[in-house]
Amino acid sequence: MENELFEQRTDLGKLHAAVEQIKATLAKIVVGQQESIDLLIAGVLADGHILIEGVPGVAKTLTAKLIAKAIDARYSRIQFTPDLMPSDILGTSVFNPKTTEFEFKKGPIFGNIILIDEINRAPAKTQSALFEVMEERQLTIDGHSYKMDEPFTVLATQNPVEQEGTYRLPEAQLDRFLFKVEIKYPTLEEEIAIVTQQHQQKTADQLNQISAVLSATDITEIRQQVRALHVEPKLLEFAAKIIHESRNSKSVQLGGSPRASLAIINAAKALAAIKGRDFVTPEDIIYVAAPVLRHRIMLTPDKEMEGVTPDEVIAQIIQKIEIPR
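What you see is a predicted model, and the numbers here were worked out from it, not measured in a lab.

Reading guide: rules and limits
Positions within a chain are numbered from 1, following the residues in the order the chain's sequence is written. With the structure being a predicted model, the display of local features is reserved for residues of pLDDT at least 70 and the display and counting of side-chain atom pairs for 80 or more, all residues being used for whole-chain, interface and lining totals. The side-chain values count all of the structure's non-hydrogen atoms but skip hydrogen atoms and water molecules. Numbering goes from the N terminus for both helices and strands, where a helix is a DSSP run of H or I of at least four residues and a strand is a run of E of at least two. Each radius of gyration is computed over the set of C-alpha atoms, and the globule rule expresses the reference value as 2.2 Å times the number of residues to the power 0.38. Any residue under 20% of the maximum accessible area for its type is buried, any over 50% is exposed, and the rest in between are partly exposed; the area is computed with a 1.4 Å probe on protein chains only. Pairs of residues are marked as contacts when any of their non-hydrogen atoms sit within 4.5 Å. Here the open area of atoms and residues is found with the Shrake-Rupley method and a 1.4 Å probe, where only the protein chains shown may cover a residue. For the purpose of counting charges, residues Lys and Arg are taken to be positive, whereas Asp and Glu are taken to be negative. His and the chain ends are not included. For the purpose of locating charges, the reference atoms are NZ of Lys, CZ of Arg, CG of Asp and CD of Glu. As used in this structure description, the phrase polar contact means that two N or O atoms lie within 3.5 Å; if the pair is within protein, one of them must be able to donate a hydrogen and the other to accept it, and residues adjacent in sequence are counted only when both atoms belong to side chains. Criterion for a salt bridge: a side-chain nitrogen of Lys or Arg within 4 Å of a carboxyl oxygen of Asp or Glu. The rule for pairing is simple: two strands pair if DSSP sees at least two bridges between them. Working convention: axes come from line fits to C-alpha atoms, limited for helices to the stretch in contact. Angles between N-to-C directions cover 0 to 180 degrees.

Peer 1: Where do I start with the overall build of the protein chain in this structure?
Peer 2: Along the protein chain, the regular secondary structure elements total 14 helices and 13 strands. By the compact-globule yardstick of 20 Å for 325 residues, the protein chain fits well, its C-alpha radius of gyration being 21 Å. By principal-axis analysis of the C-alpha atoms, the protein chain measures approximately 70 × 50 × 50 Å. For the protein chain, the proportion of its 325 residues judged to be buried stands at 49%. For the protein chain, long-range pairs separated by at least 24 residues make up 76% of all intrachain contacts whose partners lie at least 6 apart in sequence. Surface summary for the protein chain: the accessible area is close to 16,300 Å², and the carbon and sulfur share equals 53%. Looking at charge distribution, the protein chain has the averaged site of its 36 positive side-chain charges lying 1 Å from that of its 45 negative ones.

Peer 1: Help me out: how do you make sense of the environment of glutamine 127 in this one?
Peer 2: As for its placement among the helices and strands, glutamine 127 is situated in helix H5 (residues 124-128). Along the backbone, glutamine 127 and isoleucine 219 are 92 residues apart, and their C-alpha atoms lie at a distance of 27 Å. Those residues in contact with glutamine 127, other than ones at most four positions away along the chain, are Phe80, Ile119, Asn120, Ala122, Leu169, Pro170 and Gln173. Polar contacts involving the side chain of glutamine 127 include one to the main-chain carbonyl oxygen of alanine 122, which spans 3.3 Å.

Peer 1: What is the right way to read the pattern of salt bridges from this model?
Peer 2: If the charged atoms of two oppositely charged side chains come close together, the side chains can form a pair. In total, this model carries 19 salt bridges according to the counting rule given. Here arginine 227 makes a salt bridge to aspartate 47, at a shortest N to O gap of 3.4 Å. Placement of the pair is arginine 227 in helix H9 (residues 216-227) and aspartate 47 in the loop between helix H2 (34-45) and strand E1 (49-53), with a sequence separation of 180 residues. Given a relative accessible area of 49%, arginine 227 falls into the partly exposed group. Close ionic contact of glutamate 182 with lysine 184 constitutes a salt bridge, the shortest N to O distance being 3.3 Å. On the basis of relative accessible area, glutamate 182 is assigned to the partly exposed category, the value being 26%. Salt bridges linked by common partners bring Asp47, Arg137, Glu150, Arg223 and Arg227 together as one network.

Peer 1: Is there a simple way to explain unusual backbone geometry in this structure?
Peer 2: The phi torsion of most residues other than glycine is negative, and most of the peptide bonds are trans. Cis geometry is adopted by the peptide bond preceding proline 151, which originates at glutamate 150 and carries an omega value of -10 degrees. Its identity as a non-glycine residue notwithstanding, aspartate 47 has a phi of 60 degrees, on the positive side. Of note, arginine 137 is a non-glycine position whose phi angle comes to about 55 degrees, a positive value. Along the chain, arginine 137 turns up in the loop between helix H6 (131-136) and strand E7 (138-141).

Peer 1: Explain the sheet that holds strand E9 (residues 153-158) to me, please; I cannot follow it from the model alone.
Peer 2: Within a sheet, each strand pairs with its neighbour through backbone hydrogen bonds, oriented either parallel or antiparallel. The five strands lie next to each other as E3-E6-E9-E1-E10, forming an open sheet whose pairing is parallel. Looking at the sheet topology across the chains shown, the edges are occupied by strand E3 (75-79) and strand E10 (177-182). Strand-to-strand twist of the sheet, defined as the mean angle between neighbouring strand axes without regard to direction, takes the value 15 degrees. In this structure, strand E6 (residues 113-117) lies alongside E9, joined through four bridges in parallel fashion. Note on E9: the bridge partner recorded for leucine 115 is leucine 155. Across the sheet, H2 is in contact with E1, E9 and E10; its angle to E10 comes to roughly 170 degrees.

Okay, here's the thing in structure tokens:
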């Protein structure tokens, strides 16, 4: 048993080194955003889809592209627009005159790392095309099912819903995202660093500075390791209590689903693995609670009118629950 534990810790050490290499490479281009980058990496390792929200110009798309570039896998980018049709994403059947039969031509969703830019600029009909593939990792078209290759991860960016020309994503679709990562404006010091860095940049092609650190096979193996991480029963109960309390809070109109409970545990495992630990701590669960829940809960109208944020309500919920030690 000791040998098995030692071997697992050694493997997690390699994982930790790979993650540090990715973060060091990204730091050459992206200034700040350490928490966002940690969550993006954790989301990929936890086999989850990630929603990235921020106003235009805060490097949402750039950060997602850099994460995708650090993984040696098939990458697709889809720009969502109001006139985008489901077939533009999924693919369509094309008549082949040689065989006199229809052949299915795969759309850009068939890849490993899918970047959907400005996901909330497409209407509900196009959004619904993503429901099956995000949850079941397969597509059913014309009576045929197509399995997605592993790994399959959607990184989607969106502008805040108050922005012009945006649609609010359906709750069922939001629930399919493991995390909602919010990218804020940089501090003054960070903005000075951004301007200085861009001024001194000798080449405009920043993406060529990024080399792949992990292969698609590596990601699949790491995800199996992450799933096998140890979680104490009292921590499983702690995560379930957070979600249960979100449904009973007077500030919340719609609470987290059982999928949110599973998301907290999976995300906490990935965070522990990134830090080189083969076990989950209460701090891991608390750290991931807000990004897991902020897009899943719906505040009551009076709380929204008061300007209360989901993160504030989540923090209040956690304060009510005894932290296991």
